[in-house]
Amino acid sequence: MGIFTNTEFNSLEDLLVDQLKDLYDAENRLVDALPKMADAATTPSLREAFSSHLLQTRNHVTRLEQGFNLLGIQPARETCQAMKGLIAEGSQVIDAKGNLTVRDAALIAAAQRVEHYEMAGYGSARTFAEQLDLSDLAELLQSTLDEEGDTDEKLTELAVNEINVEAIRTYSPTV
């Protein structure tokens, strides 16, 4: 959902549907981006984390489709400008030169920005669903929110316990 939009919100359900369309587009874009991030990762554990999250992300797409079905509407995408921007930043990291372990640390930072964006979106949509007494939809959204949080924690652990440590160890000043 763009900040400046011609969208009209007449009900909380209108807003919920808009959020679901935004998340649906974001997750579909991520399905395309994650293999590129996995290919760019040089640390095997990071490559595996991205590959594993790709499988989860495909399930997130399926859950969103189930959510649309619960509302009795066809799944539809609304361009998620934020995810487009986050993926563009991730692409810059993929193309970056220099120490490959430091680039892996940058890939984690880019991925965590994505996770935090998704957590904000799923949290808002879940709250809207709860307030509209759409408990089945709220549960679907909470399941994905939980997985996004778990992924963020795994990425933090990889960074703190492995990749950032190696990036520091391999640093050699050019001065």
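So, here's what we can say about the structure. Fair warning: this is a prediction, and the values are worked out from it, not measured in the lab.

Describing the environment of G67
- As for its position among the elements, G67 is in helix α2 (residues 44-70).
- Once the C-alpha coordinates of G67 and E78 are considered, the two residues, 11 residues apart in sequence, prove to be 15 Å apart.
- In contact with G67, not counting residues within four places along its chain, are L137 and L140.

Things to note about the layout of surface pockets
- Here the largest pocket defines a volume of roughly 180 Å³.
- Secondary structure elements with two or more residues in the lining of the largest pocket: α1 (12-40), α3 (81-94) and α4 (100-131).
- Along the lines of polarity and charge, the residues of the lining of the largest pocket split into 7 nonpolar, 2 polar and 3 charged.

Considerations on the packing of α2 against helix α5 (residues 135-169)
- Contact pair α2 / α5: the axes reach a minimum separation of 10 Å and the direction vectors enclose 170 degrees. In terms of axis orientation, α2 runs roughly antiparallel to α5.
- Split into classes, the residues belonging to the contact of α2 with α5 amount to 11 nonpolar, 9 polar and 5 charged.

Definitions and limits used
- Residues numbered from 1 in each chain as written.
- Predicted model: local features only at pLDDT ≥ 70, side-chain atom pairs only at ≥ 80, totals over all residues.
- Heavy atoms only, no water.
- Helix = DSSP H or I, 4+ residues; strand = E, 2+ residues; numbered from the N terminus.
- Contact = heavy atoms within 4.5 Å.
- 1 Å grid on protein atoms, 1.4 Å probe; cavity = no way out; pocket = protein on both sides within 12 Å on 5 of 7 lines; lining within 4 Å.
- Points joined across faces, edges and corners; volume = space filled by probe spheres on them.
- Nonpolar A, V, L, I, M, F, W, Y, C, P; charged D, E, K, R; others polar.
- Axes fitted to C-alpha atoms, helices over the stretch in contact; angles between N-to-C directions.
- Parallel < 35°, antiparallel > 145°, perpendicular 65-115°, else oblique.

In short, shape yes, function no, at least from these values alone.
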